[in-house]
Amino acid sequence: MNRAAYFTTELGLKTLARIVKASSRMHNDFHLPSGPVIFVINHFTRLETLLLPYYLYQLTHKPIWSLASDALFQGALKSYFDRVGVVSTRNPQRDELIIRTLITSEANWIIFPEGRMVKNKKLIRGKEFVVGDGDEARAPHTGAAMLGLRAEIIRRILILHHLDNNGANHWLCRHLGCSEADEIDSASVKVLPVNLTYYPIRAHDNFLSELAARFVKDPSERMLEELMAEGTMFLEGVDIDIRFGKPLDTADYMHHGVVTSLLENPVRQGFDNDPDLIAYLKNSSRRMMQIYMERIYSATTINHDHILAFLLRKRSFSPFDRIDLARHAYLAARALQENQQLRTSLHCSLAEDQVHLLSDDRYQKVSSFLDLGLESQCLIAEDNRLRKHKDKWFESAAFHQARIANPSEVIANELEPLKEVQKLLTRIGSMPDWLVRLRIAKILYSFDQQLFKEELAECEAGSEIDQRLSTSYLLPVRSRRAGVVLVHSYLSVPQEMREMATLLRKKGFWVYGIRLPGHGTDPALLSQKSLSDWRSAVERGYAVMSALCTQVAMVGFSAGGMLVLELGSYVHPLSAVVAVCPPYVLQDYSRRFMPSKDVWNRLPSPWKRNQGSQKFVDFEPENSDINYHRNPIAGVAQVGALLDRTRDRLKHLTHPALIVSADEDQIIGPRSSIKVYEKIGSENKELLRFSSARHNIITGDSSSVAPRVREVVASFILSHTS
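Here the structure is a predicted model, which is why all the values come from computation and not from measurement.

The subject of this paragraph is the overall build of the protein. Along its length, the protein carries 29 helices and 21 strands. Nonlocal contacts in the protein, meaning residues at least 24 apart in sequence, comprise 77% of its contacts between residues at least 6 apart. Counting every atom, the protein has about 30900 Å² of accessible surface; 49% of that belongs to carbon and sulfur.

Written as structure tokens, this is what we have:
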């Protein structure tokens, strides 16, 4: 092992980092101290020994060496380890090498205090950190603390005596292997706790495990488990959150009388065999170990799997619906986000709005976790419901099978050191499903109301539309059998769908008329909103109604119809979807809505794409009291993005669908709705065309068309929710 070999191997480490589909994120690197550092890190996979030195070197620009089990030092791996600074735990010169390279700033070190991979992540027994179960249970190793303290004492001895090879310390220099050219670092030795959190943890057959099964004679259970678990994680993709804790400074432990006396007198050979010094080192290293273990595991990065696994652990063995587990997870994620202390420990995917858990689960946070439970047979599917397999949850898996036999338990174990997180999740997990549904409906409805108030406050000149017409509304009925979400059109307000809402309520439906962000306030504010803002509002509407009713249908007008169709292509438990006069492409709109081609072509492309553009075109609405009269160019671009996205999703829409159109629509053109209808993938779909030149054929009673359209829509929904 030498410095040249370390740097020539960097190319190999870079190649490995590219091959491994791992995305690493560093957190709290402000804790990274100068001077000699021992990194104490939790140990879950073998690749930590290979990849971590590379990741940390990229951050510190200093060679990172590490300790590894002597059993790994065989064949080509031994040669590789020797070149990159991995030292066997049984190397007789181990301690001297670590101390010398630390105090001379030749390298920093990685030490895994558990001493082995903790595959089941079970480390807490009572209030103590314990590695292993039963008779094999033991405390984590204190070696990192012991080496840090010894290195600091020796560093101080050598500085005091100036590394004089002709003096009393000649034997110590020779013993460590120091040369005359070596300079002793002026900074004290630090022990830096580091937590690695992997997400997601998955285990199944993969390329590596299949190769082993094919070419290795009688592969061990341990080998197959590691290839299945770690191979899947690193070959299919895993996030690695590397979070640094507050370092322990060994200088803080140097004020003991034994150390003071040692430094004040000439140091002779065998000084480290002094019983008082040995007792001091043992006691101090035990205290340090408890501190850095707590700091390692309190730095766990909390992710969706943690939440779901802990909530699943708390559930009874009665059957449950997937959505009820998702609802509990939503409440938990929201509570974590609102906790000022815990929110900094959240995985990046938990930092945003979590309404997707309640609607389409488009990031597969819930479905992926539940599929893991079904694959491992910890969960059993029964009549579209799930229940926990008692045997799997009552029997502890063998150490080398934990990540496969019950991965949910392994994931939940990782939260055991996080007492505040456990309290929060226990409180939410103990809530009955019916109460969670009501809580979610109230939270989301209140959120929409508050969002409207905040937008109104941003309008310097006041709202262009009567506030009473612009707010969302929830119309209840006695039965919770079925509910309908209504989505208004671009540039309009919830009042546009109010007559439809009144009719549906008379027919026994709960109704939620949502407001799309940026509407009902000021066009300038609308120019700052995006498609994702509108989609989230539709998702919240669906989540509210699905929490309150057993069946849900959705109705949207114009661009609101395309929002309904797009979400419906993802959300499975929908009874029906209805789109009234939906546009197919942006070019279908007439000049009453769009700027002229000359104006559009003269606009710089960023204005066409970006939200926040302050360019507007005049708009002549059919209903002047509920529509903006200025149309922001940025909003037009977002409508275009909506139509592009929805066209690609129409083939995935399998729910009963009704498309209603006007045969002489003057806003979007008569064939737009036909094209939408033709692209829908559902076998149960209908297209109804009414004779009218109006685009808005769902609002108003001035003609017989609007009342008939509303009746047709209500009848269609009624026929699919009975």
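From this point on, the discussion continues.
As summarised here, the arrangement of the seven strands in space is 13-15-14-16-17-20-21, forming an open sheet in which the pairing is mixed. On the outer flanks of this sheet lie strand 13 (473-475) and strand 21 (685-690), each paired with one strand and no other. The average angle at which neighbouring strand axes cross in this sheet is 15 degrees, direction not considered. Examined bridge by bridge, strand 14 (residues 482-487) and strand 16 (residues 551-557) share six bridges and lie parallel to one another. When the bridges of strand 16 are listed, G483 appears paired with V552. Each of strand 13, strand 14 and strand 15 (510-514) touches helix 21 (residues 498-506); the most contacted strand, strand 13, lies at about 20 degrees to it.

Peptide bonds are mostly trans, and most non-glycine residues show a negative phi. The residue after Y199, namely P200, is reached through a cis peptide bond having omega 0 degrees. Within the element layout of this structure, P200 appears in the loop between strand 8 (190-199) and helix 8 (207-215). Despite not being glycine, N28 shows a phi value in the positive range, around 60 degrees. Structurally, N28 can be placed in the loop between strand 1 (22-27) and strand 2 (37-41). Within the chain, Q377 stands out as a residue other than glycine whose phi angle is a positive 65 degrees. For Q377, the location among the structural elements is in the loop between helix 14 (365-375) and strand 11 (379-382).

We now examine the packing of aromatic side chains. What the rule picks out here adds up to five aromatic pairs. Ring plane angle 90 degrees and centroid distance 5.8 Å describe the contact between W65 and W109, whose orientation is recorded as edge-to-face. Of this pair, W65 sits in strand 3 (residues 64-68) while W109 sits in strand 5 (residues 108-111); the two residues are 44 residues apart in sequence, bridging distant segments of the chain. The ring of F317 carries the charged tip of K388 above its face, separated from the ring centre by 4.8 Å. The ring of Y677 carries K685 above its face, with NZ or CZ at 4.7 Å from the centroid.

For a regular strand, side chains alternate in direction, first toward one face of the sheet and then toward the other. Alternating residues of strand 5 divide into N108 and I110 and W109 and I111, and every residue in both groups is buried. Alignment of strand 2 against strand 5, held across three bridges, turns out to be parallel. Bridge pairing in strand 5 links F39 to I110. When strand 3 meets strand 5, the two strands line up parallel, connected through three bridges. Note on strand 5: the bridge partner recorded for I64 is N108.

The biggest cluster of nonpolar side chains holds 153 residues, and the ones touching the most others in it are F39, I307, L486, L565 and V713. A total of ten residues in this core trace back to one element, the largest contributor, which is helix 23 (residues 531-548). Here I307 is in contact with I302, A329, A332, A333, L336, L350 and L425, once residues within four sequence places are set aside. By size, the runner-up hydrophobic cluster in this structure holds 52 residues, among which are L102, I111, F129 and V267.

So, on to the packing of helix 5 (residues 94-103) against helix 6 (residues 143-160). Across the interface, helix 5 lies against helix 6 with an axial gap of 10 Å and an inter-helix angle of 55 degrees. The angle between helix 5 and helix 6 falls in the class oblique. The handedness of the crossing between helix 5 and helix 6 is right-handed. Where helix 5 abuts helix 6, its residues D95, I98, I99, L102 and I103 lie against L147, R150, A151, I154, R155 and L158.

Here the focus is the pattern of salt bridges. In the structure shown here, the tally under the stated rule is 28 salt bridges. As a salt-bridge pair, E409 and R313 come within 2.8 Å of each other at their nearest N and O atoms. With E409 in helix 17 (residues 407-413) and R313 in helix 12 (residues 304-314), this pair connects stretches of sequence that are 96 residues apart. The partly exposed category is assigned to E409, whose relative accessible area is 22%. In this structure, the salt-bridge partner of E382 is R387, at a minimum N-O distance of 2.6 Å. A relative accessible area of 30% means that E382 is categorised as partly exposed. Taken together, the salt bridges that share partners define one network made up of D360, R362, R535, E539 and E566.

Our next topic: the packing of helix 24 (residues 559-568) against helix 27 (residues 633-649). Following both chains from N to C, one finds helix 24 and helix 27 inclined at 40 degrees, their axes separated by 9 Å at the closest point. It follows that helix 24 is oblique to helix 27 by the angle criterion. The chirality of how helix 24 crosses helix 27 is left-handed. Here helix 24 contributes A559, M562, L563, L565 and E566 to the contact with helix 27, which in turn contributes L642, L643, R645 and T646. Taken together, the residues of the contact of helix 24 with helix 27 sort by class into six nonpolar, one polar and two charged.

Reading the values: the criteria
Residues numbered from 1 in each chain as written. Predicted model: local features only at pLDDT ≥ 70, side-chain atom pairs only at ≥ 80, totals over all residues. Heavy atoms only, no water. Helix = DSSP H or I, 4+ residues; strand = E, 2+ residues; numbered from the N terminus. Contact = heavy atoms within 4.5 Å. Areas by Shrake-Rupley, 256 points an atom, 1.4 Å probe, with all protein chains shown as cover. Pairing = 2+ DSSP bridges. Axes fitted to C-alpha atoms, helices over the stretch in contact; angles between N-to-C directions. Phe/Tyr/Trp six-rings, centres within 6.5 Å; stacked < 30°, edge-to-face > 60°. Lys NZ or Arg CZ within 6 Å of the ring centre and 35° of its normal. Buried < 20%, exposed > 50% of the residue type's maximum accessible area, 1.4 Å probe, protein only. Core = buried A, V, L, I, M, F, W, Y, C linked by side-chain atoms within 4.5 Å. Parallel < 35°, antiparallel > 145°, perpendicular 65-115°, else oblique. Left-handed = near helix turned anticlockwise from the far one by under 90°. Salt bridge = Lys/Arg side-chain N within 4 Å of Asp/Glu carboxyl O. Nonpolar A, V, L, I, M, F, W, Y, C, P; charged D, E, K, R; others polar.

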